[in-house]
Amino acid sequence: MSDQNEQDAAKSRLSLRPGGRLELGKTEAAGTVRQSFSHGRGKTVQVEVVKKRAGGPAGPGAKPAAGPQAGGPRMAGGPQRGASGPGTRGGSGSAPGRPLNQAEQATRLRVLEEHRRAEAQRQREERERQALMVRSAAEEAARKAEEERRAAEEAAARAEEEARQKIEDEARRKAEEEARKLAPPPAAARQAPSGAAPGPRPMGARPAAGTAAPLRRPGAAAAPAAAPGAAPPRLTLRGREGEEEERRSPVRRPGMPAAAAKKPAAAPAKKPVIGGDRRRDGRIDVAAAIEGEDERSRSMASVRRARERERRQQELQRLRSDGVKVVRDVVVPEAITVQELANRMAARGGEVVKALFRMGVMATLTQTIDADTAELVVNEFGHRVKRVSESDVELGLEGMVDAEADLVTRPPVVTIMGHVDHGKTSLLDALRKTDVAAREAGGITQHIGAYQVTVAGGQKVTFIDTPGHAAFTAMRARGASVTDMVVLVVAADDGVMPQTIEAIHHAKAANAPMIVAVNKIDKPGVNLDRVRNELLQHEVVVESLGGDTQEIQVSALKGTNLDKLLEAILLQAEVLDLKANPDRAAEGTVIESKLDKGRGPVATVLVQKGTLRQGDMVVAGAEWGRVRAMLDDKGRQLKEAGPSLPVEILGLSGVPSAGEPLAVVENEGRAREISEFRQRKLREKQAAAAGAARGTLADMMARVAAGQQKEVAVVVKADVQGSAEALGVTLNKLSRDEVKVRVLHSAVGQITESDIQLAKASNAIVVAFNVRATAQARELAQRDGVDIRYYSIIYEVADDVEQLVRGKLAPIQREKFLGYAQILEVFEVKRLGNIAGCRVTEGVVRRGCGVRLLRDGIVIHQGELATLRRFKDDVKEVTNGYECGMSFANYDDIKIGDQIECYETETVAAT
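In this report, the structure presented in the accompanying data block is examined.

Parameters and conventions
Every chain's residues receive numbers from 1 upward, in the order its sequence appears when written. Local features are withheld for residues below a pLDDT of 70 in this predicted model, meaning they are given only at 70 or higher, and side-chain atom pairs are given and counted only at 80 or more; totals for whole chains, interfaces and linings count all residues. Only heavy atoms go into the side-chain values, all of them from the structure, while hydrogens and water stay out. At least two bridges found by DSSP between two strands are what make those strands a pair. Here a strand is any run of E in DSSP of at least two residues, a helix any run of H or I of at least four, and the numbering for each starts at the N terminus. Geometry is summarised by axes, namely lines fitted to C-alpha atoms with helices restricted to the contacting stretch, and by angles between N-to-C directions that run from 0 to 180 degrees. Contact between two residues is taken to exist if any of their heavy atoms lie within 4.5 Å; hydrogens are not considered. Stacked, edge-to-face and tilted are the three classes for Phe, Tyr and Trp ring pairs, Trp counted by its six-membered ring, which pair at centre distances within 6.5 Å; planes under 30 degrees apart are stacked, over 60 edge-to-face, the rest tilted. For a lysine, the NZ atom is tested; for an arginine, the CZ atom; a charge sits over a ring if that atom is within 6 Å of the ring centre and within 35 degrees of the ring normal. By definition here, a helix of n residues has an expected span of 1.5 Å times n minus one. Relative accessibility thresholds used throughout: buried, under 20% of the residue-type maximum; exposed, over 50%; partly exposed, between the two (1.4 Å probe, protein chains only). Counting of polar contacts relies on pairs of N or O atoms within 3.5 Å, with two restrictions inside protein: one atom must be capable of donating a hydrogen and the other of accepting it, and residues adjacent in sequence are counted only when both atoms are side-chain atoms. Any Lys or Arg side-chain nitrogen found within 4 Å of a carboxyl oxygen on Asp or Glu counts as a salt bridge.

**Thoughts on the sheet that holds strand β11 (residues 460-465)**
Strand order in the open sheet made by the 6 strands is β10-β11-β9-β12-β13-β14, with mixed pairing throughout. Strand pairing shows two members of the sheet lacking a second neighbour, β10 (449-454) and β14 (550-553), which therefore form its edges. Ignoring which end each strand starts from, the neighbouring axes of this sheet average 25 degrees apart. Bridge analysis of strand β12 (residues 485-491) against strand β13 (residues 514-519) gives 6 bridges, and the strand direction is parallel. Bridge assignment links Val486 to a residue of β13, and that residue is Met514. Lying over the sheet, helix α12 (residues 424-432) contacts β9 (413-418), β10, β11, β12 and β13, oriented at roughly 155 degrees with respect to β11.

Structural data, given as structure tokens:
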């Protein structure tokens, strides 16, 4: 109990009041007295000394009085204590030498900790304030440096504009002097004495020696001379009058001291910096608002535009005053706004709008009009029209003519063509000493390949191998279009075949000379004369028959006469004199393209002109990109590719179509512009073709209602672009009147989930040609029931899809002949009508079959056989030579001598 009282007393005595303040009733010193009572009871009495009020107010540094005057004891007879000395608690005295208890020590430590924290906080704030002052000083220095830099830029721009203005003034002054010299002097000028005052002095010209100085008002001082090195006058828009007024000497007005007139005018307040932040954001500070500098300066570009408009207007006014009509060449694109058209004609927009109103076109300045309407407006204003179109972005892309001195000899490009399985790839393998044919599925070439071979003499020859299958017509046409000559391979045992004839037509269309290579001469029993005669039927006359087409008999399997074939190719190249300029931007043709899983879009390109280098920006059809890498036919990295060299390039944005031209452009912006234009044209073409194929909605609904709208939908994914194109052509040929084969999507690359989703939505099958589906696509196809069919030979695709088409066709009702019967007698039965007694003369007659009644060779009735009896018994059939009785359903007009033809109708599957 006493310990609790001691702690409470200690809490009430401790405080942080300053020791210099004198107050009544506050603790000064303390002590305890223990009182004992009977029965073991005790009580602790607290003895305190109370300060007395001082005579006057104590100052901040006042000290309490010491000794007995400081206060007396509350308790009579208690010991007196002086003022607290060291070791007292916050101004409260304690008994000398008395130790602090635990509560007092904890309180003291807490107070000291709070004091230390407050001191640390104060020091931290002081450091932050000092750092802020340092940072503000650095920012102020940076701001001043920025202002000085802007001021220097403004002064430089002002000096440049002043110099340009001075040159224009000088040119204008010379033009005025020449005009004044050429113009006849007026009569008053001719009669004026020689000492007459001169005319107005051109702006910027100094007065000649001896001329009178400008007049000054009375009491006005002369204008002070400009100090050397002074800044040029500020550029204003006041024109010549403003400049003359600035050059005019100051005058003293009544009431103005002379010193003010002599003193040069104070420099104008600094305007906001041209092109600075204040002009951009449109804000002003308080000082500028107080001084009235709230006008933003015009930019130098705005000043130049204003001067250009003034000059143009002055020129127009001068020409109109002279009666001369200004005729301009106005460039009119496919679409243009009315305001832009007015600007190009240097006419007011309102006049153009009025002209359109008169033509019946209601348009505002911001509306777009087509090129034809704009051309009518331009013609009405009397200007010349220069039409341009969007396709002008391709101008200058290709077709540049090279100088004769820059041309050098290039290797020939040879395309090997012929019928399937006639040995084209085997012949090329024998020349390259490789084995490509073994790697092709089914032993037939289904890709177009380009290779370069170095012959024994060091010359190089580029070969292009084309497929011979009927589906690859477009590939053969592309190969013939980029070639210099064609090697037509004809098998000695087969002779001229359909694709051989097609290859001859392609070569003639490309105007390429032909070399006939008769292959497989090692086979026994070949007839070369038959081959020559068949070629003669298609206007190919070989040298042995007196023509100009070389004929070489070779064997790709044995390697016979391959050197003679190369000699013939080099001889033909010498006759053609093939040359190209390697020192120019490259141009070429995309031979083949594909989407590689690891390398992205890959295009096989034949360089025809110039040199293609790694890093060039190219446009290939509707795709563009930078050449990241180039590889030759052996897979080696190349840094550059000259004319007639086939290379694979990587880095295109997409897979270009085979046969598209490739060209190098100067920058990425031009490449994007050309690519976007071609893609837009391609989309418009595809949309138009799709709309024409679908027809109108009414036609489609009519076909659906009639049950004729049947189709086999196919999604085609191939390894290369040429194969996808060939598959599309092959599948479209399988369409029939009732069932149409529709290729929903044709692309290169793996089968993806989007292909499966498209096939599911359209109930289509997925044809994969030399590609596989991803794991996600396979799972999705199994879950959704989409049929994926993998192929590596193209005619297998055609056979399977043809089976699907046959399954969609409606079955055909076909008539089958049974036999003839001759009517010998006619019997009339009341219940059954007329019964014909007949004899079967040919074939058989069956109950329920179809019959035709012929009289004198003419069909007079066609129906069904109702009854067939023999001796009053119903029978199923009666064969040749037997007699029977027959009646027709709902027909009784039969006579003796008529002939009955019997037939059956059977249902067969459509083909």
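**Let's talk about the packing of aromatic side chains**
This structure, assessed with the given rule, holds 1 aromatic pair. Their ring planes at 55 degrees and their centres at 5.1 Å tell us that Phe817 and Tyr820 sit as a pair that is tilted. Note that Arg852 overlies the ring of Tyr903, its terminal NZ or CZ placed 4.2 Å from the centroid.

**Some remarks on helix α16 (residues 562-576)**
Taking 1.5 Å per residue, 15 residues should reach 21 Å; α16 reaches 21 Å between its end C-alpha atoms and fits that length. When α16 is considered as a whole, its buried residues turn out to be Leu562, Leu565, Leu566, Ala568, Ile569, Leu570, Gln572 and Ala573. Looking at the packing, one finds that the buried side of α16 touches β9, α12, β11, β12, β13 and β14. Positive backbone phi, at 55 degrees, marks Asp577, one or two positions downstream of α16.

**Quick notes on unusual backbone geometry**
Here the phi dihedral of Glu539 falls at roughly 65 degrees; this positive angle occurs in a residue that is not glycine. As for its position among the elements, Glu539 is in the loop between α15 (528-537) and β14. The exposure class of Glu539 is exposed, given its relative accessible area of 65%. Here the phi dihedral of Lys872 falls at roughly 65 degrees; this positive angle occurs in a residue that is not glycine. Tracing the chain through its elements places Lys872 in the loop between β32 (858-870) and β33 (873-874).

**Considering the environment of Asp787**
Its place among the elements puts Asp787 in the loop between α21 (775-784) and β28 (788-791). Along the sequence, Asp787 and Ile765 sit 22 residues apart, while their C-alpha atoms lie 5.2 Å from each other. Those residues in contact with Asp787, other than ones at most four positions away along the chain, are Ile765 and Val766. Engagement of the side chain of Asp787 in a polar contact is seen with the side chain of Arg789, the distance being 2.7 Å.

**Some details on the pairing of strand β27 (residues 765-769)**
For β27, the tally of buried residues reaches 5 of 5 residues, placing the bulk of the element in the interior. With 5 bridges connecting them, strand β25 (residues 710-718) and β27 associate as parallel partners. Bridge pairing links Lys717 to Ala768 in β27. With 4 bridges joining them, β27 and β28 adopt parallel strand pairing.

**Quick look at the pattern of salt bridges**
Scanning the model with the defined rule gives 49 salt bridges in all. Put simply, Glu114 and Arg110 hold a salt bridge, and the shortest N to O gap is 3.6 Å. Of this pair, Glu114 and Arg110 both sit in helix α2 (residues 102-182), separated by 4 residues, roughly a single helical turn. Among the salt bridges present, the one from Glu666 reaches Arg670, with a minimum N-O distance of 3.1 Å. Through salt bridges that share partners, Glu146, Arg149, Arg150 and Glu153 make up one connected network.

Read these as spatial facts, not as claims about activity.
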